[in-house]
Every structure is written in structure tokens, then in C-alpha cells.
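Geometric and topological summary
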Amino acid sequence: MGGTGLGAWRDRVARRVGRWRGSGLGPSWVVAVSGGGDSVALLRLLHDLAPGLGLALSVAHLDHGTRGAEGEADARFVAELAGELGLPCDLGRWAPVRAGHFEADARRARYGWLAAVARDRGASAVAVGHTRDDQAETVLHRVLRGTGPRGLAGMPARRPLDAATWLVRPLLDVPRATLRAELARLGQGFRDDPTNLDQSRTRARIRHDLLPRLADDYNPRVVAALARLARLAGRADRGWRSVLDSLSRTAVVSAGAGSIVFDRDALRALPSHVRAELIRHAWRARDWPEAGMGLDRWLRLARLGRRPSGRYAVGGGIVAECSEHELRLSMAGGTGDRHLEDSEPVPVPPDPVPLPIPGAADWPGGRVVATLDPADPADETVDLDRLAPPLLVTPPSPGDRLDPLGLGGHHQGLADLLRSRRVPRDARRLVPVVRDADGIVWVVGHRLAHRARVTDATRRTLGLRWEAEGVAAEDRSPSS
């Protein structure tokens, strides 16, 4: 991409890379090249900028093993392009091993392989060709899945790939169309993957259907608007993390690889949502897994700052022990912490409790509330005439089955449902279950029964709601 000086967009990329180099990022970079237009444009640009920025580049290409001869042709194209530019090239091959998990597994394999290539090359960074359009697609995808504020920040321009390597995205503010126009000017070919057009994949539908319709019908600059939202959310997130760092110096007593100890008095002084974010911040600093840690679980952890002394299974493979002045979180079976012996008993489920209509039934950690003609958005609404009172709140029983809402009337074992919802074994015995004479109506916090659903024929409704101890109404959210 050489020629008669830098265009404005190329100048911005050069300044960004220069700042990274000035902040200590080393000169040896691996450029990940799929053969598509974005990654080819990235390679050509970095190759052009390398002498002035002191970069030593190599190229890496991973064949994902799904396109046969076309995938092999992509690898040859990338190797030939690297040769033309006088750059070393690493080629790899991966094959999917699980049906239905291709995108997540391929992403994990790709970044793991790139990190290994970087280590072998002594590189400090792996550069990838994500553009402003990719950022907009990422933000919109997360919105559709129900992201929180942190997810609105989209992809960061750089992040750690492993302990020694950064993943960098120099083109994150550049429109894809700009890159394609530059490749056309240079006469540089590329190979687009036709699977990117497969609209059975959510990401492809967003790119080729939803975003164009939003641009045509609502805002022709929707991609720029979403990218701007990501930048603003990223700045807000960085500011919020600075606040949490400051709070941690007071609230975190000690932290190791397998446990975190909080000062309960310091936690109690904070609002519930701040306690939850502070615990999440410390959790992430330990690099603990977050799979299955949704909003409800973070708020559950936050509530432990106000719970009586005791030991609780709180989900996500974490066990909590509350003493008078401390809250300790530990990875189950991870560190042999003397406060969390495997033989220590967990809370015993209470006896069944009647649930009046309307009325409430107390349960450890809160209560279940039944309301006629519900108006609270936190309520789970059921058809009152489909129930067979009286209602009871009970713990799960061996052999329990229900017809979960969303399965079209098919039945599922309650133990299987809780297992699929990643509720730890010890915590399952405390999950409250609302029952009538015909069986399960609501597994609290998880699923309603299909038979109790509201339909067009419904005349009377009943609202069911979980109210946690010490949690304000604005902290509550529907469970399913």
C-alpha cells in the first residue's frame, strides 16, 4: 500500500501502531491472514508501515478443515503472498471435533494456535484484521443476546492473548469498504470465504440482512453509530474498572489463585450492584471461568455480603464461606483451603411451605410471592385457572419431572434441568419449587411449567415472584 503518502485513515492506523510501539510493545509481530480482503489489506498496510515503525512481521494462516480443496487453496494463496512480500509464513490445520460447536471451538483453536506461533517466533503481538464493520456486528450481536454495559464496548483494540503476547486490531476504526477500495486500487487479489454468506449463522444474518435493513430503513450510518457506541462504552468501562480497583484496595483482604477474601463490613457499605461488580472484578483478576455466571449469580454472590454466617454453594464452581467479618470465595476442590473442607455440611433444605393466593412463602435467602393480576415486570405470569391449588413451595424431590416452558409440552427431569442450568449439586437441594396438586408449576429462578402458561384463552392470571433478602426491587429481574 505504498505510494504518495498516507491517506487519513492510514495515518490514523500508523499513529495507533506507533503508540503501541511507544508503550513498550515489541517489534516482532505475527499477522493472522485468512486470505480474505480484510486480513490481506492488514498485511499489505503493516508491510508498508513496517520500516518506519520498526516492525518485523511474519504471517500465520490456519486452515479450519471444513472447506477441503478450497481451504487448501486459501493456504497456498497466503503462503504465496507472504513469499512475494519476503515474509516468513506459518501454516496450520485444525479439524472440528464437536458437532454444533464449530464457531466457538474454531475461535478457541485459532487463537490458541496463533499464541503458540507467536511464542515460537518470539513475537510480542498477533495482529488481526477486524474492521469497524466487525465491531458494529459484534455490538449488535451482543445486544440481541441481552448483553450488559460491559458487552457494549465490543472488541478492544488490543487485549492480552496470553501471558507474553498481545492480540491487536489496528483496523478497528476503518470501514471494510475503505479497505476493499484500497485493494482494488492496488490490484491486490484476495479470497473471500463463501461460508461468510451462509445466513443460517447469526453473524452472517446480522451482516447481510439486519444491518443493511437498519441502514436502509432507520440510519444510513448505523455501522458508524454502533462503533461509536462501542468506543464510548469502552471508555466508561475503563473508568468503572478504575473505580473498582480503588474499592478493591479496601474491600479485598487477600487474593490468591484459588481464593478471594472480602471484608464484609466494606461490602455491606456498598449498594448491591456495586458489590456484585466488585466481586466480578476480583473474580476476573483471578482469571476464574465465567461460563454460566449470569446476572442472577453475580447478585447472589453480592447478597452473601449480608447473609448470616455459613457455607453456601453459589454456582459457577465456587463455594462461599461467611464469617462475622469476612466473605471467602474459593474454587471448589481447588486449593485445599482449611475453611472449606469437603466434609463440611451445606445448608439443609427446609420443609414445604404453603403459598397462599395471594400471599408469600418464606425460603432461605428470600421469599416466593404470589400476586393476583400481576403488574410487576419481575413477575412470572401463569394462568390461574390452569392451576390445581393449594400451592406449596418445596425443595426438589428425587424423580421430579416437569414440562418446561419452551419445550412444547415435552417432559424433563428436574435434576437434568438444574444440571443443564449449571446449578452445582450441593445448591440444587435448596432451589425452591412451586407446586400444585398436579405437580411442578415453577422452578424458581429457572423455568415455568408449560401447562401453566398464559394463552389467548387466559381469563385470570397469577404472578409469581422471587424476592431476595435485602435486594431492592430494581435489582430483581425475570428468571426466564
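These numbers come from a predicted model, not from an experiment. (Residues numbered from 1 in each chain as written. Predicted model: local features only at pLDDT ≥ 70, side-chain atom pairs only at ≥ 80, totals over all residues. Heavy atoms only, no water.)

1. A short note on helix α6 (residues 176–186)
An α-helical turn contains 3.6 residues, so a residue and the one three or four places further along point in the same direction. Buried within α6 are the following residues: Arg-176, Leu-179, Glu-182 and Leu-183. The arc that holds every buried residue of α6, seen down its axis, measures 125°, which confines them to one face. In α6, the exposed positions angled more than 90 degrees off the buried face are occupied by Ala-177, Ala-184 and Arg-185. In the segment just after α6, Gly-187 is the residue with positive phi, at about 70°. (Buried < 20%, exposed > 50% of the residue type's maximum accessible area, 1.4 Å probe, protein only. Helix = DSSP H or I, 4+ residues; strand = E, 2+ residues; numbered from the N terminus. Arc of directions from axis to C-beta.)

2. Some thoughts on the pattern of salt bridges
Note on pairing: side chains with opposite charge can pair once their charged atoms come close. Here the structure, examined in full by the defined rule, presents 34 salt bridges. Among the salt bridges present, the one from Asp-400 reaches Arg-435, with a minimum N-O distance of 2.6 Å. Of the two residues, Asp-400 is situated in the loop between β16 (391–394) and β17 (401–402) and Arg-435 in strand β19 (residues 433–436); the sequence distance between them amounts to 35 residues. There is no split in this pair, since Asp-400 and Arg-435 are both buried. As a salt-bridge pair, Asp-416 and Arg-419 come within 2.6 Å of each other at their nearest N and O atoms. (Salt bridge = Lys/Arg side-chain N within 4 Å of Asp/Glu carboxyl O.)

3. Re the confidence of the model for the protein chain
Scored by pLDDT, the protein chain has a mean of 85; 89% of the residues are at 70 or more. Confidence over residues 333–346 falls short of pLDDT 50; this stretch has 18 contacts with residues more than four positions distant or in other chains. Note on residues 471–480: pLDDT under 50 across the span, and 23 contacts to partners over four residues away in sequence or across chains. (pLDDT = per-residue confidence, 0-100. Contact = heavy atoms within 4.5 Å.)

4. Some points on unusual backbone geometry
Following Ile-357, the chain continues into Pro-358 via a peptide bond in cis, with omega recorded as -5°. Tracing the backbone shows Pro-358 in the loop between β12 (353–355) and β13 (359–363). Within the chain, Asp-373 stands out as a residue other than glycine whose phi angle is a positive 50°. Considering the arrangement of structural elements, one finds Asp-373 in the loop between β14 (366–372) and β15 (380–383).

5. Some words on the nonpolar core
In terms of nonpolar packing, the biggest core is built from 33 residues, with Val-13, Trp-29, Leu-43, Leu-46 and Leu-57 touching the most fellow members. Those elements that provide at least two residues to this core are α1 (8–22), β1 (28–32), α2 (37–53), β2 (56–63), α3 (68–84), β4 (125–127) and α6. In terms of residues, this core owes the most to one element, α2, which gives 8 residues. One finds Ile-260, Phe-262, Ala-276 and Ala-302 within the second-largest nonpolar core, a separate group that totals 27 residues. (Core = buried A, V, L, I, M, F, W, Y, C linked by side-chain atoms within 4.5 Å.)

6. Observations regarding the sheet that holds β4
Sheets are built from strands paired through backbone hydrogen bonds, the pairs being either parallel or antiparallel. The 6 strands are arranged β3-β2-β1-β4-β6-β5 in an open sheet whose pairing can be described as mixed. The open sheet has two edge strands, β3 (89–93) and β5 (158–162), and neither has a second partner. Strand after strand, the sheet turns through a mean of 30° between neighbouring axes, direction not considered. Note: β4 against strand β6 (residues 165–168), 3 bridges, orientation parallel. (Pairing = 2+ DSSP bridges. Axes fitted to C-alpha atoms, helices over the stretch in contact; angles between N-to-C directions.)

7. Some details on the sheet that holds β12
The 5 strands lie next to each other as β12-β16-β19-β20-β21, forming an open sheet whose pairing is antiparallel. The open sheet terminates on both sides in strands that have one partner only, identified here as β12 and β21 (447–448). Taken together, the 4 bridges between β19 and strand β20 (residues 439–443) define a ladder with antiparallel strand orientation. The residue bridging Val-434 from the neighbouring strand is Trp-442, located in β20.

8. Points about the packing of aromatic side chains
Scanning the entire structure with this criterion turns up 2 aromatic pairs. A centroid spacing of 6.4 Å and a plane angle of 40° characterise the contact between Trp-20 and Trp-29, whose relative ring orientation is tilted. Here Trp-20 falls in the buried class, since its relative accessible area comes to 8%. Accessibility expressed as a relative area gives 0% for Trp-29, which makes it buried. Ring geometry for Trp-283 against Trp-298: centres 4.9 Å apart, planes inclined by 75°, an arrangement best described as edge-to-face. Of this pair, Trp-283 sits in helix α10 (residues 272–285) while Trp-298 sits in helix α11 (residues 295–303), and the two are 15 residues apart along the sequence. Among the residues examined, Trp-283 registers a relative accessible area of 0% and is labelled buried. The ring of Trp-166 carries the charged tip of Arg-158 above its face, separated from the ring centre by 4.6 Å. (Phe/Tyr/Trp six-rings, centres within 6.5 Å; stacked < 30°, edge-to-face > 60°. Lys NZ or Arg CZ within 6 Å of the ring centre and 35° of its normal.)

9. Regarding the side chain of Asp-379
Turning to its location among the elements, Asp-379 is positioned in the loop between β14 and β15. With relative accessibility at 9%, the residue Asp-379 sits in the buried group. Dropping the residues within four chain positions of it, Asp-379 is found in contact with Thr-371, Pro-374, Gly-463, Leu-464 and Arg-465.

10. Some remarks on the pairing of β2
Burial analysis of β2 places 7 of its 8 residues in the buried class, the great majority of the element. Alignment of β1 against β2, held across 5 bridges, turns out to be parallel. Across the sheet, the residue bridging to Val-30 is Ser-58, located in β2. Remark: the β1/α2/β2 crossover connection has right-handed handedness. Two strands pair when backbone bridges link them, and β2 and β3 are joined in this way by 5 bridges, in the parallel orientation. Along β3, the bridge assignment pairs Asp-63 with Arg-93. Regarding topology, α3 serves as the crossover connection from β2 to the parallel β3, and that connection is right-handed. (Right-handed = clockwise from strand over helix to strand, strands pointing away.)

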